[in-house]
Amino acid sequence: MKHILLAVTGGIAAYKAIDLTSKLTQAGYEVRVMLSNHAQEFVTPLAFQSISKNPVYTNTFKEENPQEIQHVALGDWADVIIVAPATANTIAKLSVGIADDMITSTLLATETQTFIAPAMNVHMYENKRTQHNIETLKSDGYQFIEPGDGYLACGYVAKGRMEEPLQIVSVINQYFNQHETQIESSFKGKNALVTAGPTVEVIDPVRFVSNRSSGKMGFAIATALQKRGANVTLVSGPTQLDDPKGVNVIRVESAKEMFEETLQYYDTQDIVIKAAAVSDYTPSEVLDHKMKKQDGDLTVKFKRTQDILKYLGEHKQDQYLVGFAAETQNIEQYAQDKLKRKNADVIISNNVGDKSIGFNSDENELTMHFKNQDMVNIKKGKKVEIANEILDELETRWQ
């Protein structure tokens, strides 16, 4: 079931948004609704809640779930966002990046495709400033559902009426139909295994060693593979990320657990992408009780963990094996060396010493090193975009 986030702003056409919620629900979508303060002067949250069977969001600072940031989580949840009706004021705020309420904060914090259905007086709509704002948003990737001609609340008969709900549903249906066609690829129907995130190596019931990996790159790759039709299994260390929709997610903690789970699925996979930052060492002894503070220095003895990528390279049959090399110096040299030692088909390197693209960043910049000596540089961008660029490069090579 596709997820629709409907943002209702403060115009008289807000009453049409109730019908739109109903039509979207009848079409098989799960709908959640955000109402601006001004929208609530025309319609009530209860009306939308009754139809959508979901909570209605009105306040940026009212966090329903303490485990997440509401205006970020809603954008991540949605497959499509619709702003209907969209007032001239809201369009203006979006065009310059103002985030002063629930709706604008959510839209500024999301990369989900957003459709805007304007509704306003004809002179407001045709005003040069409004048209400039609309063109700005279009250039930024927003899609507009043009208003229709008809009787307006101000008394004019002119352009400015919010498009009818059935037509908006038709636009959304068409978008999903086209989108599903676009994402079909050579990965469709194939089995793909992705590892992501850090591993945690326990010292005692209180202490552990780990690394700064957020898992964002691996999760983005798993999501992109799923959208291209692959059957995706994601083995992830501890992260703060939600499970990608349609992906079989297996949560682990230690390098040993990640190795065991990866190995369990390995033989049936067509492609394996090892994006996890696996600990190279684990304590030789795990204490049953908390280690008490003592005078002087402390020495903890470590032993090597299983080199997962190396093992997979040594035991691969027809699998296409992709590894990552997170480095801070001599990046190309280390990546080429890793490519040979691990018997991988591709090593993807990045400079984690650069904080703007390193661990926890939403952006990345990578170089793909192929077994045939090809090198492809992927310029800095959002990790969700980088993931698709990686798969674009692999599309015709991996088989």
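A short tour of the structure in this document, coming up.

Conventions used here
Residues numbered from 1 in each chain as written. Predicted model: local features only at pLDDT ≥ 70, side-chain atom pairs only at ≥ 80, totals over all residues. Heavy atoms only, no water. Helix = DSSP H or I, 4+ residues; strand = E, 2+ residues; numbered from the N terminus. Buried < 20%, exposed > 50% of the residue type's maximum accessible area, 1.4 Å probe, protein only. Contact = heavy atoms within 4.5 Å. Areas by Shrake-Rupley, 256 points an atom, 1.4 Å probe, with all protein chains shown as cover. Lys, Arg positive; Asp, Glu negative; His and termini not counted. Charge placed at Lys NZ, Arg CZ, Asp CG, Glu CD. Core = buried A, V, L, I, M, F, W, Y, C linked by side-chain atoms within 4.5 Å. Pairing = 2+ DSSP bridges. Axes fitted to C-alpha atoms, helices over the stretch in contact; angles between N-to-C directions. Patch = residues over 30% accessible without salt bridge, like charges linked within 9 Å, V, L, I, M, F, W, Y side chains within 5 Å. Salt bridge = Lys/Arg side-chain N within 4 Å of Asp/Glu carboxyl O. Polar contact = N/O pair within 3.5 Å; in protein donor to acceptor, adjacent residues only side chain to side chain.

**Remarks on the overall build of the protein**
Here is step 1 of the chain: Helix and strand counts for the protein come out as 13 helices and 20 strands.
Here is step 2 of the chain: Dimensions of the protein, computed from the C-alpha atoms along their principal axes, are close to 80 × 55 × 35 Å.
Here is step 3 of the chain: Within the protein, buried positions represent 49% of all 399 residues.
Here is step 4 of the chain: Considering only intrachain contacts with a sequence separation of at least 6, the fraction spanning at least 24 residues in the protein is 66%.
Here is step 5 of the chain: Total accessible area on the protein is roughly 20200 Å²; 46% of this is exposed by carbon and sulfur atoms.
Here is step 6 of the chain: Of the charged side chains in the protein, 42 are positive and 52 negative, and the gap between their average positions amounts to 2 Å.

**Details of the nonpolar core**
Looking at soluble globular proteins, one finds that nonpolar side chains tend to be buried together.
Here is step 1 of the chain: Judged by nonpolar contacts, the single largest core of 35 residues is most densely connected at I221, L225, I273, M368, I390 and L394.
Here is step 2 of the chain: At 7 residues, helix α9 (residues 216-227) tops the list of elements feeding residues into this core.
Here is step 3 of the chain: Ranked by size, the runner-up nonpolar core spans 29 residues in total, among them I4, V8, I82 and I172.

**Re the sheet that holds strand β2 (residues 30-35)**
Here is step 1 of the chain: Judged by pairing direction, the sheet is parallel, and its 6 strands sit side by side in the order β3-β2-β1-β4-β5-β6 without closing on themselves. Of all strands in the sheet, those with a lone pairing partner are β3 (56-57) and β6 (143-144), marking the two edges.
Here is step 2 of the chain: One ladder, built from 4 bridges, connects strand β4 (residues 80-86) with strand β5 (residues 114-118); its direction is parallel. Note on β5: the bridge partner recorded for I82 is F115.
Here is step 3 of the chain: Strands β1 (3-8), β2 and β4 of the sheet are contacted by helix α1 (residues 14-26), whose axis makes an angle of about 175° with β1.

**Observations concerning the environment of V235**
Here is step 1 of the chain: Mapping V235 onto the fold places it in strand β12 (residues 231-236).
Here is step 2 of the chain: Accessibility expressed as a relative area gives 0% for V235, which makes it buried.
Here is step 3 of the chain: Sequence separation between V235 and E261 is 26 residues; the distance between their C-alpha atoms is 7.2 Å.
Here is step 4 of the chain: In this view, V235 contacts L193, V194, T195, A196, I250, V252, M258, E261 and T262; residues no more than four positions away in its chain are not counted.

**Thoughts on the sheet that holds strand β20 (residues 375-382)**
Here is step 1 of the chain: Reading across the sheet, the 8 strands line up as β13-β12-β9-β14-β17-β18-β19-β20 and stay open at both edges, with mixed pairing between neighbours. One side of each edge strand has no neighbouring strand; the edge strands of this open sheet are β13 (248-251) and β20. Neighbour to neighbour, the strand axes of the sheet diverge by 15° on average, direction disregarded.
Here is step 2 of the chain: Strands β9 (191-196), β12, β13 and β14 (271-274) of the sheet are contacted by helix α10 (residues 255-266), whose axis makes an angle of about 165° with β12.

**Describing a negative patch on the surface**
Here is step 1 of the chain: On the surface, E63, E64, E68, D76, E111, D242, E385 and E389 cluster together into a negatively charged patch.
Here is step 2 of the chain: Along the chain, E111 turns up in the loop between α5 (102-108) and β5.
Here is step 3 of the chain: Its relative accessible area of 49% is what places E111 among the partly exposed residues.

**Some details on the environment of T367**
Here is step 1 of the chain: By secondary structure assignment, the location of T367 is in strand β19 (residues 363-370).
Here is step 2 of the chain: Residue class for T367 comes out buried when judged on its relative accessible area of 15%.
Here is step 3 of the chain: In the structure, T367 is positioned 19 residues away from I348 in sequence and 5.6 Å away in space, judged by C-alpha atoms.
Here is step 4 of the chain: Sequence-distant contacts of T367, that is, excluding residues within four places in its chain, are made with I347, I348, S349, M375, V376 and N377.
Here is step 5 of the chain: Engagement of the side chain of T367 in a polar contact is seen with the side chain of N377, the distance being 2.9 Å.

On their own, these measurements won't tell you what the molecule is for.
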